[in-house]
Amino acid sequence: MTVQLRQEQQTMLWTLAMHARDAASSQPVLGDRFAADLLDRVDGPSLAGTTLDGNTPLICTRAKLIDDAARAFLDRHDEAVVLHLGCGLDSRVLRLDPGPGVRWFDVDQEPVIELRRQLYDDREHVTMIAASVTDPAWWSRVPDDVPRLVLAEGLLMYLDPDGVRAVVTNALGPGGTLVADTVASWVTWIAGWQPAMRAADTGFRSSTADLAAAASSGTRLEELSLVDATATRTGGLLSTAIRLFALIPGGRDAMVLSTYRQSAGG
Ligand SMILES: C[S@@+](CC[C@H](N)C(=O)[O-])C[C@H]1O[C@@H](n2cnc3c(N)ncnc32)[C@H](O)[C@@H]1O
């Protein structure tokens, strides 16, 4: 399947490649059994020299924690809405296999959703939306009569602070819970020098502080260091290296996973 992907749209092939690599390893962190097949069927921009294989444990730990958070939410709510924002080609809906009371929305930019439609079979209660996550128009299509879980994985850093605010405002509407990863401001800066980012002509535009500011009217239930979480899911030298990195000022909070809920009465 060929499709023209520009800038940050290409980055979802990197995460997909990392999922496939993890699944093929002897001790998978995520074990995404769909990723390799999806990747094989995409004829996208060459990944040669632009993948970030060294980030595989971090990216797959992030996906695993978000899967776990979503499973826990769905265990509590038979009737719910899940919004998978900036979904790329990620197979989360297949991994979680939600029950019939769950209405699931996969949202990403037009070319990505075009590709996704070619690769994924139609599924009852699953809707794909081709739009920017910052566009308020499509949010009105999302039911607001049941608890709502909004997942934003590897997404918010590609939005500017206004974009983050737009997402958070909609996500933390009535009954809303948001699970999103963000990076420290020094990572936002340094990412611009990363060769893969430069090759894709993209970069990070916001940080954890921007999410905190945008979500100040909500309640932060949790903020987990993805650096620490990755250290506990890896072994040997790699785990030691990650633990040492966490000791450097700013290291532990390089990437965090936050959960926010609308404040009572908010
Ligand atoms: C790093 S990829 C992550 C994909 C997926 N969440 C995963 O973990 O595999 C970033 C994704 O965010 C999407 N994205 C970036 N900005 C967006 C926007 N304004 N609206 C919708 N999607 C966006 C990109 O198209 C891409 O699919």
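As a starting point, this report considers the structure included with it. A quick note: this is a predicted structure, and the numbers were derived from the prediction, not measured. All chains use their own residue numbering, which begins from 1 and follows the written sequence. Side-chain atom pairs in this predicted model are given and counted only at pLDDT of 80 or more, local residue features only at pLDDT of at least 70, and totals for whole chains, interfaces and linings cover all residues. Side-chain numbers here rest on the full set of heavy atoms in the structure, without hydrogens or water.

Some words on the nonpolar core
Next, step 1: Trp14, Leu74, Val82, Leu149, Leu151 and Phe204 are the most contacted members of the largest nonpolar core, which has 38 residues in total.
Next, step 2: Those residues in contact with Leu74 that sit more than four places away from it in its chain are Ala80, Val82, Leu96, Pro98 and Val102. Nonpolar cores were defined as sets of buried Ala, Val, Leu, Ile, Met, Phe, Trp, Tyr and Cys residues, with membership established by side-chain atoms within 4.5 Å. Only protein chains enter the accessibility calculation, which uses a 1.4 Å probe; a residue whose area is less than 20% of its type maximum is buried, one above 50% is exposed, and one in between is partly exposed. The contact definition used throughout considers only heavy atoms, calling two residues in contact when any of these lie within 4.5 Å.

Some details on the site of the ligand
Next, step 1: To be near a molecule or strand, a residue needs just one of its heavy atoms within 4 Å of it. In the vicinity of the ligand lie 20 residues, with Thr15, Gly86, Asp108, Val133 and Glu153 positioned nearest.
Next, step 2: Definition of a polar contact: a pair of N or O atoms within 3.5 Å, with one able to donate and the other able to accept a hydrogen when the atoms are protein atoms, and with sequence-neighbouring residues admitted only if both atoms are side-chain atoms. Gly86 is positioned such that a nitrogen or oxygen atom in its backbone is 2.7 Å from a nitrogen atom of the ligand.
Next, step 3: Separating a nitrogen atom of the ligand from a backbone N or O atom of Val133 is a distance of 2.9 Å.
Next, step 4: Computed with a 1.4 Å probe, the accessible areas rest on the Shrake-Rupley method; for each residue, only the protein chains presented here act as cover. With the chains in place, 96% of the 600 Å² that the ligand exposes on its own is no longer accessible.
Next, step 5: Among the elements that line the shell around the ligand, the one with the most residues is helix α1 (residues 11–23), at 3 residues. Secondary structure elements follow DSSP: runs of H or I no shorter than four residues count as helices, runs of E no shorter than two count as strands, and numbering proceeds from the N terminus.

A short note on helix α12 (residues 236–247)
Next, step 1: The length a helix should cover is 1.5 Å for every residue beyond the first. The terminal C-alpha atoms of α12, which comprises 12 residues, lie 17 Å apart, in line with the 16 Å expected from a rise of 1.5 Å per residue.
Next, step 2: Within α12 the residues assigned to the buried category are Ser239, Ile242 and Ala246. Axial view of α12: buried residues confined to an arc of 60°, hence all on one face. Along α12, the residues that are exposed and aim more than 90 degrees away from the buried face are Leu237, Leu244 and Leu247.
Next, step 3: On its buried face, α12 is in contact with α11 (226–233). This arc is taken over the directions from the axis of the helix to the C-beta atoms.

Observations concerning the environment of Arg141
Next, step 1: Mapping Arg141 onto the fold places it in the loop between α6 (136–139) and β4 (148–152).
Next, step 2: The exposed category is assigned to Arg141, whose relative accessible area is 52%.
Next, step 3: As for Arg141 and Ile129, which are separated by 12 residues in sequence, their C-alpha atoms are 9.9 Å apart.
Next, step 4: Apart from the residues within four sequence positions on either side, Arg141 is in contact with Phe105, Thr127 and Ile129.

Remarks on the sheet that holds strand β6 (residues 218–225)
Next, step 1: Spatial ordering of the open sheet is given by β3-β2-β1-β4-β5-β7-β6, a layout of 7 strands whose pairing is mixed. Bordering the open sheet on either side are β3 (126–130) and β6, each of which pairs with just one other strand. Strand-to-strand, the axes of this sheet are offset by a mean angle of 15°, without reference to chain direction.
Next, step 2: Strand direction decides the pairing type here: β6 and strand β7 (residues 255–262), joined by 7 bridges, are antiparallel. Opposite Gly218, over in β7, you have Gln262 as the bridge partner.
Next, step 3: Against the sheet, helix α3 (residues 56–76) touches β1 (80–85), β2 (102–108), β4, β5 (176–183), β6 and β7, its axis set at about 175° to β4.
Next, step 4: The strands touched by helix α7 (residues 161–171) are β1, β4 and β5; relative to β5, the strand with the most contacts, the crossing angle is about 155°. Paired strands, in this sense, are two strands between which DSSP finds at least two bridges. Angles here are taken between N-to-C directions and fall from 0 to 180 degrees, while the axes themselves are lines fitted to C-alpha atoms, restricted in helices to the stretch in contact.

Looking at a nonpolar patch on the surface
Next, step 1: Among the surface-exposed residues, Trp186, Trp189, Ile190, Trp193, Phe245 and Ile248 lie close enough to one another that they form a single nonpolar patch of about 670 Å² accessible area.
Next, step 2: Among the elements that take part in the nonpolar patch, helix α8 (residues 185–191) stands out by supplying 3 residues, more than any other.
Next, step 3: Tracing the sequence through the fold places Phe245 in helix α12. Each patch is built from salt-bridge-free residues with over 30% relative accessible area, joining like charges within 9 Å and nonpolar side chains (Val, Leu, Ile, Met, Phe, Trp, Tyr) within 5 Å. Whenever a carboxyl oxygen of Asp or Glu lies within 4 Å of a side-chain nitrogen of Lys or Arg, that contact is scored as a salt bridge.

Side note on the state of the cysteines
Next, step 1: We call a pair of cysteine sulfur atoms a disulfide whenever their separation is within 2.5 Å. Applying the stated criterion to the full structure yields 0 disulfides.
Next, step 2: As a non-bridged cysteine, Cys60 has Cys87 as the owner of its nearest cysteine sulfur, 17 Å distant.
Next, step 3: In this structure Cys87 comes out as buried when scored by relative accessible area, which is 4%.

Some thoughts on the packing of aromatic side chains
Two measures describe an aromatic ring pair: the distance that separates the ring centres and the angle between the ring planes.
Next, step 1: Only Phe, Tyr and Trp rings are paired, with Trp represented by its six-membered ring, and only when their centres lie within 6.5 Å; those with planes under 30 degrees apart are stacked, over 60 edge-to-face, the remainder tilted. Evaluation of the coordinates by the stated rule reveals 4 aromatic pairs.
Next, step 2: Between Trp138 and Trp139, the aromatic rings sit 4.4 Å apart at their centres with planes inclined by 25°, giving stacked as the arrangement. Exposure class is identical for Trp138 and Trp139. Each is buried.
Next, step 3: We call a charge positioned over a ring when the NZ of a Lys or the CZ of an Arg lies within 6 Å of the ring centre and within 35 degrees of the ring normal. The residue whose ring lies beneath Arg116 is Tyr120, and the NZ or CZ to ring-centre distance is 4.1 Å.

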